[in-house]
Amino acid sequence: MSDLRLMKGNEALAEAAIRAGVDAYFGYPITPQSEVIEYLMAECPEKRTGMVVLQAESEIAAINMVYGAASTGKRVMTSSSSPGISLKLEGISYLAGAELPAVIVNVVRGGPGLGTIQPAQSDYFQSVKGGGHGDFKLYVLAPASVQVMADFVADAFDIAFKYRAPVLILSDGLIGQMMEKVEFKDQKKRMSDKDIIENYGSWATTGKKGRERNIITSLDLQPEKMEVRVQGLQKKYEQMENEDLRYEKILCDDAEYLIVAYGSSARIAQKAIQLGREKGIKVGLLRPITLFPFPKQQLLKLADQVKGILSVELSTGQMVEDVNLSVQHKVPVSHFGRTGGIIHTPEEILEALEQNSIKDGSIRHHKARESSLL
Amino acid sequence: MEVLDIIKPENQVFCKTSLMTDATLSFCPGCGHGTVHNLTMEVIDELGIVEDTIGVAPVGCSVLAYDFMDIDMTQAAHGRAPAVATAISRTWPNKYVFTYQGDGDLAAIGTAETIHACNRGENIVIIFVNNGIYGMTGGQMAPTTLVGMRTSTSPYGREIETMGSPIKMTELISNLPGTYYATRQSVHTHKHARKAKKAIKTAFQNTRLGKGLSLVEIVSNCNSGWKMNPNESNIWMEENMFPNFPLGDIKVKGKLRQRK
């Protein structure tokens with residue numbers, strides 16, 4: 001039976017993790033995502049489903065615990081916020097290199113450095129351009145509501161196991177802390193050890209029984225072999241682009257102008273396009289749901305239709321670079337975004353659209369950036 | 001009598017450890033790592049636990065342990081083996097999980113992971129090979145490098161004032177309640193190797209009984225890093241390493257041993 005509750009994004013994510021049949025969570029407190037581990041500890045999932053929850057001594061230990069459990073075929077996750085994700089990136093690179101399925105959640109706060117505990121979307125580059133060392137990418141899911149943040153746990157594990165690759169849920173402090181109604185799915189059973197051995201015995205280190213030994217490593221000292229390994233990873237990323245791209249188009253059919261925004265910015269931009277339409281501006285919204293893969297083709301197609309594009313993020317302009325690459329200069333692209341923990345209003349977004357894209361479509365980035373410093 | 005007449009199963013006294021692969025060891029001739037690998041695999045074989053054992057390899061000279069140990073193994077990031085082992089043990093509580101780490105891995109970059117795995121009393125085995133130097137990267141100073149010892153990053157000898165003293169991790173973690181068994185051994189003679197093997201076996205038996213964390217330190221040589229021949233390095237180890245890292249049990253069955 002489904003179950004409707006009013007909850008914070010972070011708590012909803014934690015409850016969804018239990019219900020998705022996750023085997024283990026390893027984390028470390030950091031604002032604004034500490035409710036994830038607090039909720040899990042209070043819920044005693046060990047009793048509910050047998051899920052292991054452990055507070056690690058550091059973000060680094062937590063991600064390496066994820067690596068350990070993932071290497072044995074268990075469904076395992078961690079969550080953190082920006083500075084903590086920076087610490088985890090070594091481990092995330094190892095997960096990608098050793099081809100291990102795992103889910104990492106970033107409830108983004110402003111940076112750089114210790115920055116602020118308020119929401120931001122300034123970890124876009126870190127999330128989609130690798131972040132850690134080496135030639136790898138993360139499959140990145142960006143939720144725009146508490147409901148979706150919760151739903152993404154199960155989706156993320158499906159992708160992680162489909163590709164044997166780490167998946168990032170890129171949320172932010174707004175969605176993590178915001179309370180909304182959320183409907184939970186029924187409890188999914190955790191996989192038994194026997195089923196894990198049966199399903200993942202070809203690679204998981206569950207003990208050498210009735211087969212050759214399994215080895216989990218990201219190391220290959222022979223360049224020829226290492227190149228093959230890295231190219232194998234790239235094949236997966238291509239497949240992700242072909243099979244698992246996700247996006248949402250809102251009022252794009254007749255749009256003359258386009259806003260591109262993800263996560264909480266998309267939520268705010270949705271109101272902005274509504275205000276724009278009330279003023280007679282034909283504006284639509286493209287919301288990338290996956291940030292990698294990115295809806296490149298969809299944007300390129302829309303570039304033939306619209307007169308101007310405004311990329312909206314809670315940052316000084318990161319995703320805007322991918323928007324620009326996608327549209328191949330067919331149409332002027334501007335950026336608008338507040339930063340430092342300030343959240344833009346729908347009115348500000350509409351004003352930026354009117355100033356940058358409508359009045360003078362040729363205005364370049366730096367102008368748009370100036371306006372973001374209102 | 002021809003040689004082939006003698007090589008018969010009934011005449012066999014010693015044989016290759018069944019859980020060692022046929023791969024050529026990557027260690028320098030004279031290094032103690034091969035012996036520690038061998039003893040660990042002998043113990044797993046003798047206890048009949050290979051089907052339920054998962055090893056965690058470190059970064060360092062023994063990074064390729066998985067090439068030589070014919071068991072399921074996961075290779076961890078530098079210093080993180082105890083965290084990796086923690087998660088495996090927590091999600092597979094009936095398995096035998098061990099880490100195999102050097103002194104740079106365990107006592108420098110992985111200090112936090114080592115201490116906290118011990119403090120939580122994780123039901124794992126840590127095999128800690130201490131040769132007082134970074135072998136794989138070419139002989140740099142380790143946290144365990146002796147005072148006055150010359151390395152490529154302490155070319156005039158380690159001095160306490162600026163580089164601190166060699167850290168005694170095994171004594172340090174012995175003071176944590178979660179540490180059930182801590183011992184320091186060596187493998188440079190048959191006698192010492194037999195004692196070391198017994199210690200490793202005790203450690204795995206502790207896991208079987210769910211007793212918590214067991215750490216077996218092996219003080220070993222690094223003839224390449226120390227720039228000595230194997231025999232000289234063993235003598236130097238006895239004369240210099242053992243006074244700083246005295247052999248013997250430090251904590252047994254959760255109780256600290258009185259040491260002279």
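Residues numbered from 1 in each chain as written. Chains lettered and ligands numbered in written order. Predicted model: local features only at pLDDT ≥ 70, side-chain atom pairs only at ≥ 80, totals over all residues.

Details of the overall build of chain A
In step 1: A count of helical and extended segments in chain A gives 15 helices and 15 strands.
In step 2: Its C-alpha atoms give chain A a radius of gyration of 21 Å, within 12% of the compact-globule value 21 Å for 374 residues.
In step 3: Overall size of chain A, expressed as C-alpha extent along the three principal axes, is 70 × 50 × 40 Å. (Helix = DSSP H or I, 4+ residues; strand = E, 2+ residues; numbered from the N terminus. Rg over C-alpha atoms; globule rule 2.2 N^0.38 Å.)

Remarks on the environment of Leu245(A)
Residues and elements named next belong to chain A.
In step 1: Mapped onto the elements of the fold, Leu245 is located in the loop between helix H10 (223-243) and strand E10 (247-250).
In step 2: For the pair formed by Leu245 and Leu314, sequence separation is 69 residues and the distance between their alpha carbons is 23 Å.
In step 3: When near neighbours in sequence (up to four residues on either side) are disregarded, Leu245 contacts Thr290, Pro293 and Pro295. (Contact = placed C-beta atoms within 7 Å.)

What about the sheet that holds strand E5 (residues 102-108) of chain A?
By way of backbone hydrogen bonds, the strands of a sheet pair with one another, either parallel or antiparallel.
All names here are of chain A.
In step 1: Ordered in space as E3-E2-E4-E5-E7-E6-E13, the 7 strands form an open sheet in which the pairing is mixed. A strand with exactly one partner marks an edge of an open sheet, and here the two such strands are strand E3 (52-55) and strand E13 (290-292). Across the sheet, the mean angle separating the axes of adjacent strands is 20 degrees when strand polarity is ignored.
In step 2: Alignment of strand E4 (residues 76-80) against E5, held across 4 bridges, turns out to be parallel. (Pairing = 2+ DSSP bridges. Axes fitted to C-alpha atoms, helices over the stretch in contact; angles between N-to-C directions.)

A few points about the packing of helix H4 (residues 59-70) of chain A against helix H4 (residues 81-91) of chain B
Helix packing geometry: the angle between the two helix axes and the distance between the axes.
In step 1: The contact between H4(A) and H4(B) brings their axes to 7 Å, and the two run at 50 degrees. Here H4(A) lies oblique to H4(B), going by the angle between them. Here H4(A) and H4(B) pass one another in a crossing that is right-handed. Taken together, the residues of H4(B) that come into contact with H4(A) (itself represented by Ala61(A), Asn64(A), Met65(A), Val66(A), Tyr67(A), Gly68(A) and Ala69(A)) are Ala83(B), Val84(B), Ala85(B), Thr86(B), Ala87(B), Ile88(B) and Thr91(B).
In step 2: A per-class count over the contact of H4(A) with H4(B) returns 10 nonpolar, 4 polar and no charged. (Parallel < 35°, antiparallel > 145°, perpendicular 65-115°, else oblique. Left-handed = near helix turned anticlockwise from the far one by under 90°. Nonpolar A, V, L, I, M, F, W, Y, C, P; charged D, E, K, R; others polar.)

Remarks on the interface of chain B and chain A
In step 1: Across the contact, 29 residues belong to chain B and 33 residues belong to chain A.
In step 2: Among the secondary structure elements, those contributing two or more residues to the side of chain B that touches chain A are strand E1 (53-57), strand E2 (72-75), H4 and helix H6 (111-120) of chain B.
In step 3: A per-element tally of the side of chain B that touches chain A places H4(B) first, with 8 residues.
In step 4: When grouped by side-chain class, the residues that make up the side of chain B that touches chain A number 15 nonpolar, 6 polar and 8 charged.

Quick look at the domain arrangement of chain A
All names here are of chain A.
In step 1: For chain A, the assigned domains are domain 1 (3-193) and domain 2 (247-371).
In step 2: Put simply, the middle of domain 1 and the middle of domain 2, counted by C-alpha atoms, are 28 Å apart.
In step 3: Counting residues per element, the ones that place at least two in the side of domain 1 that touches domain 2 are helix H6 (124-128), strand E6 (139-141), strand E7 (166-172) and helix H8 (173-177).
In step 4: In terms of residue class, the side of domain 1 that touches domain 2 is made up of 15 nonpolar, 8 polar and 2 charged. (Domains from an automatic or database assignment.)

Notes on the sheet that holds strand E10 (residues 255-256) of chain B
In step 1: Read from one edge of the open sheet, 9 strands run E9(A)-E2(B)-E1(B)-E3(B)-E4(B)-E8(B)-E7(B)-E9(B)-E10(B), paired in mixed fashion. Strands with a single pairing partner mark the edges of an open sheet, and in this sheet they are strand E9 (215-216) of chain A together with E10 of chain B.
In step 2: Each of E1, strand E4 (125-130) and strand E8 (213-219) of chain B is contacted by helix H2 (residues 33-47) of chain B, which is oriented at about 160 degrees to E4(B), the strand it contacts most.
In step 3: Contacting strand E3 (96-102), E4, strand E7 (179-186) and E8 of chain B, helix H9 (residues 190-208) of chain B runs over the sheet at an angle of about 165 degrees to E7(B).

Concerning the confidence of the model for chain A
In step 1: The share of residues in chain A with pLDDT of 70 or more is 96%, and the mean pLDDT across the chain is 95.
In step 2: Across residues 361-374 of chain A the pLDDT falls below 50, and counting only partners more than four positions away or on other chains, this stretch makes 26 contacts in the model. (pLDDT = per-residue confidence, 0-100.)

Quick word on helix H1 (residues 9-19) of chain A
In step 1: Counting buried positions along H1(A) yields 11 of 11 residues, so the element is predominantly enclosed.
In step 2: Of the residues making up H1(A), those classed as buried are Gly9(A), Asn10(A), Glu11(A), Ala12(A), Leu13(A), Ala14(A), Glu15(A), Ala16(A), Ala17(A), Ile18(A) and Arg19(A). (Buried ≥ 20, exposed ≤ 12 C-beta atoms within 10 Å, placed from the backbone.)

Description of the confidence of the model for chain B
In step 1: Here chain B shows a mean pLDDT of 96. Residues at 70 or above account for 99%.
In step 2: Taken over the whole predicted complex, pTM reads 0.95, whereas the ipTM for its chain interfaces reads 0.95.

Things to note about unusual backbone geometry
Most peptide bonds are trans, and most residues other than glycine sit at a negative phi.
In step 1: Here Thr31(A) and Pro32(A) are connected by a cis peptide whose omega angle stands at 5 degrees.
In step 2: By the element assignment, Pro32(A) lies in the loop between strand E2 (24-27) and helix H2 (35-43).
In step 3: A cis geometry characterises the amide bond from Phe292(A) onward to Pro293(A), with omega recorded as 0 degrees.
In step 4: Turning to its location among the elements, Pro293(A) is positioned in the loop between E13 and helix H12 (296-303).
In step 5: A positive phi angle, close to 50 degrees, is found at Arg164(A), a residue other than glycine.
In step 6: Within the secondary structure, Arg164(A) sits in the loop between helix H7 (146-163) and E7.
In step 7: Notably, Lys253(B) is not glycine yet its phi reads approximately 50 degrees, a positive angle.
In step 8: Here Lys253(B) shows up in the loop between strand E9 (248-252) and E10.

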